[in-house]
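# Summary of structural features
Here is how the chains run, residue by residue.
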Amino acid sequence: MLTKSLITIGMLLVSNVFMTFAWYGHLKLQQTGISTNWPLYVVILFSWAIALAEYSFQIPANRIGFVDNGGPFTLMQLKVIQEAITLVVFTVFTVVLFKGESLHWNHFVAFLLILCAVYFAFLDTGKA
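Attention in this report is confined to the structure presented alongside it.

Thresholds applied
- Residues numbered from 1 in each chain as written.
- Predicted model: local features only at pLDDT ≥ 70, side-chain atom pairs only at ≥ 80, totals over all residues.
- Heavy atoms only, no water.
- Core = buried A, V, L, I, M, F, W, Y, C linked by side-chain atoms within 4.5 Å.
- Buried < 20%, exposed > 50% of the residue type's maximum accessible area, 1.4 Å probe, protein only.
- Helix = DSSP H or I, 4+ residues; strand = E, 2+ residues; numbered from the N terminus.
- Contact = heavy atoms within 4.5 Å.
- Patch = residues over 30% accessible without salt bridge, like charges linked within 9 Å, V, L, I, M, F, W, Y side chains within 5 Å.
- Areas by Shrake-Rupley, 256 points an atom, 1.4 Å probe, with all protein chains shown as cover.
- Salt bridge = Lys/Arg side-chain N within 4 Å of Asp/Glu carboxyl O.

### With respect to the nonpolar core
Grouped together as the largest cluster of nonpolar side chains are eight residues: Met-11, Leu-12, Ala-61, Phe-73, Leu-78, Ile-81, Ile-85 and Val-89. If you list the elements that add at least two residues to this core, you get α1 (2–31) and α3 (75–97). No other element matches α3, which puts four residues into this core. Ignoring sequence-local partners within four residues, the contact set of Ile-81 consists of Ile-9, Leu-12, Phe-73 and Phe-122.

### Describing a nonpolar patch on the surface
A cluster of nonpolar side chains, namely Leu-40, Tyr-41, Ile-44, Leu-45 and Trp-48, defines an oily patch on the protein surface of about 610 Å² accessible area. Of note, Ile-44 is situated in helix α2 (residues 40–65).

As structure tokens, then:
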């Protein structure tokens, strides 16, 4: 089970890197002047191409990790893991690539609450 857990989390991590670039990378390209004159449909197609890579990791990660397929995670746990990973990847992406963005105390409180969500999602309620 540990192997399936690590594979699932690793694939979700890679998936979220692609997702973050698909959703927000075009803004950085615009800031640098690379995509300033691109029509919106080109930006969308560019993002879709990146999103295809995201889905190539996201879908197998969910299949491998899902308990009904022999994985260690329930559907709710997979979603909470994915959201927590998304927040971490997005935060690193934002702080590294968008220098004007910074973290404040309220962001750290929000992160802590999301960690609490992960804890509660994995809490054994005694139900099978």
